[in-house]
Amino acid sequence: MAKLEYIWLDGYKPTQSLRSKTKIEGDFSGKLEDCPNWSFDGSSTEQAPGGSSDCVLKPVFIVPDPQRRDAYLVMCEVLSADGTPHESNGRATIADDDNDFWFGFEQEYFLWDPETNKPLGFPAGGYPGPQGPYYCSVGAKNAYGRDIVEEHLDACLDAGLNVEGINAEVAAGQWEFQIFSKGAKEAGDQIWVARYLLERIGEKYGVAINWHCKPLGALDWNGSGMHANFSNEVLRTTGDENVYKKILEAFRPVVAEHIAVYGADNDQRLTGKHETASIHDYSYGVSDRGASIRIPLYTVQKGWKGYLEDRRPNSAADPYKVAARIIKTVKSVL
Ligand code: ADP
Ligand code: MN
Ligand code: MN
Ligand code: MN
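Model, not experiment: these values are computed from the prediction.

Rules of the game
- Residues numbered from 1 in each chain as written.
- Chains lettered and ligands numbered in written order.
- Predicted model: local features only at pLDDT ≥ 70, side-chain atom pairs only at ≥ 80, totals over all residues.
- Heavy atoms only, no water.
- Donors = N, O, S within 2.8 Å, 3.2 Å for Na, K, Ca; no water.
- Helix = DSSP H or I, 4+ residues; strand = E, 2+ residues; numbered from the N terminus.
- Buried < 20%, exposed > 50% of the residue type's maximum accessible area, 1.4 Å probe, protein only.
- Axes fitted to C-alpha atoms, helices over the stretch in contact; angles between N-to-C directions.
- Parallel < 35°, antiparallel > 145°, perpendicular 65-115°, else oblique.
- Left-handed = near helix turned anticlockwise from the far one by under 90°.
- Contact = heavy atoms within 4.5 Å.
- Nonpolar A, V, L, I, M, F, W, Y, C, P; charged D, E, K, R; others polar.

Caption draft 1: Spotlight on the coordination of the manganese ion (ligand 2). Coordination of the manganese ion (ligand 2) by the protein involves E106 (OE) and E176 (OE), with metal-donor separations of 2.1 to 2.3 Å. A spacing of 3.8 Å is found between the manganese ion (ligand 2) and the manganese ion (ligand 3), which share E176 as a donor. One end of the pair, E106, is in strand β6 (residues 102–113); the other, E176, is in strand β9 (residues 174–182), and 70 residues separate them in sequence. Note on E176: relative accessible area 5%, which makes it buried.

Pasting the structure below:
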């Protein structure tokens, strides 16, 4: 017997949420190809009208469930009843079948107290001291929610996700994890499964996860991003600054198309302050954390062989759609 937790993204706009339900299988091999398609009521997730409500779950990625006996987490794409990708299905729009593209996402988020409707560490009636001491902090005065963060890290590693690190972030109650994968689809799969695990661990502690990019509004608190570090064979091996320039310039005329899939309310976050570039501008620069796209020093030191960091995607963006758009733009000039 095995419990298969089928996970998918609903059809809510502008931000999709995770949904999941459990399927019991008698004899199960643990392999993706032995996960059958399943269906769900799309009229309850804004993915279908009530009259013809069935949507199809197509398993695409599986890992052992690190915290539940005899269980697996099965990430799924959503198909319409006729078997074509549903319009909410960002994964199906990724043109990277040969896994040429590698992605490393830096997922930031707030641990959120549903009682106070503030981040962990914020007193009910006001605010903690200003930003400064919280980033990469230790100690009960500055670091809030470490139990949850550590449990999440172990769960991700036990599931076999390629987490590269975690850190406390600039605002109180704000944290980050990084996940890297050789292959855009799998990078997205891993981020979504890691988000799922974080949500579920939060339930145990009565702590919500706030993915909004600017949950504290216009006050002097950092927002949350999901920097997208990316490379393909060309970026990894060219050795030619001009090839980098050509690719970076390809992003300039499609700023709006990128912002459209970089997460809701990004105008609140991309203000030009708090290590961001203005949502209206497009810029790039070596080591520049105020640019839209940063050229990491590493890339230059290796003689223009490396990767780029698009700093604009926000914490609530869909990594599938972010990756799909970046790949489209890079490929447009190669
Ligand atoms: P910072 O906070 O300085 O922006 P992080 O260390 O948090 O940087 O994240 C850097 C990310 O870049 C990591 O997720 C890493 O996996 C990713 N990365 C490194 N090399 C490559 C590469 N060649 N292609 C894509 N991503 C990469
Ligand atoms: Mn980082
Ligand atoms: Mn960060
Ligand atoms: Mn970064």
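Caption draft 2: Looking closely at the coordination of the manganese ion (ligand 3). Those donors, E108 (OE), E169 (OE) and E176 (OE), are the protein atoms that reach the manganese ion (ligand 3), and they lie 2.1 to 2.3 Å from it. Along the chain, the residues donating to the manganese ion (ligand 3) are arranged with the sequence spacing E-x60-E-x6-E. On the basis of relative accessibility, which here comes to 8%, the residue E169 falls in the buried class.

Caption draft 3: Structural view of the packing of helix α1 (residues 146–159) against helix α2 (residues 184–205). Where α1 contacts α2, the axes come no closer than 10 Å and their chain directions differ by 140 degrees. Here α2 runs oblique to α1, going by the angle between their axes. Classified by chirality, the crossing of α2 by α1 is right-handed. From α1, D147, I148, E151, H152, A155 and C156 reach across to α2, where they touch A194, L197, L198, I201, K204 and Y205. Class assignment of the residues belonging to the contact of α1 with α2 gives a composition of eight nonpolar, one polar and three charged.

Caption draft 4: Expanded view of the packing of α2 against helix α8 (residues 319–331). The N-to-C vectors of α2 and α8 enclose an angle of 160 degrees; their axes lie 8 Å apart at closest approach. By the angle between their directions, the pair α2 and α8 is classed as roughly antiparallel. Considering the relative orientation of α2 and α8, their crossing is right-handed. Listed contacts from α8 to A184, K185, G188, D189, I191, W192 and R195 of α2 are P319, Y320, A323 and I327. Taken together, the residues that form the contact of α2 with α8 break down as seven nonpolar, one polar and three charged.

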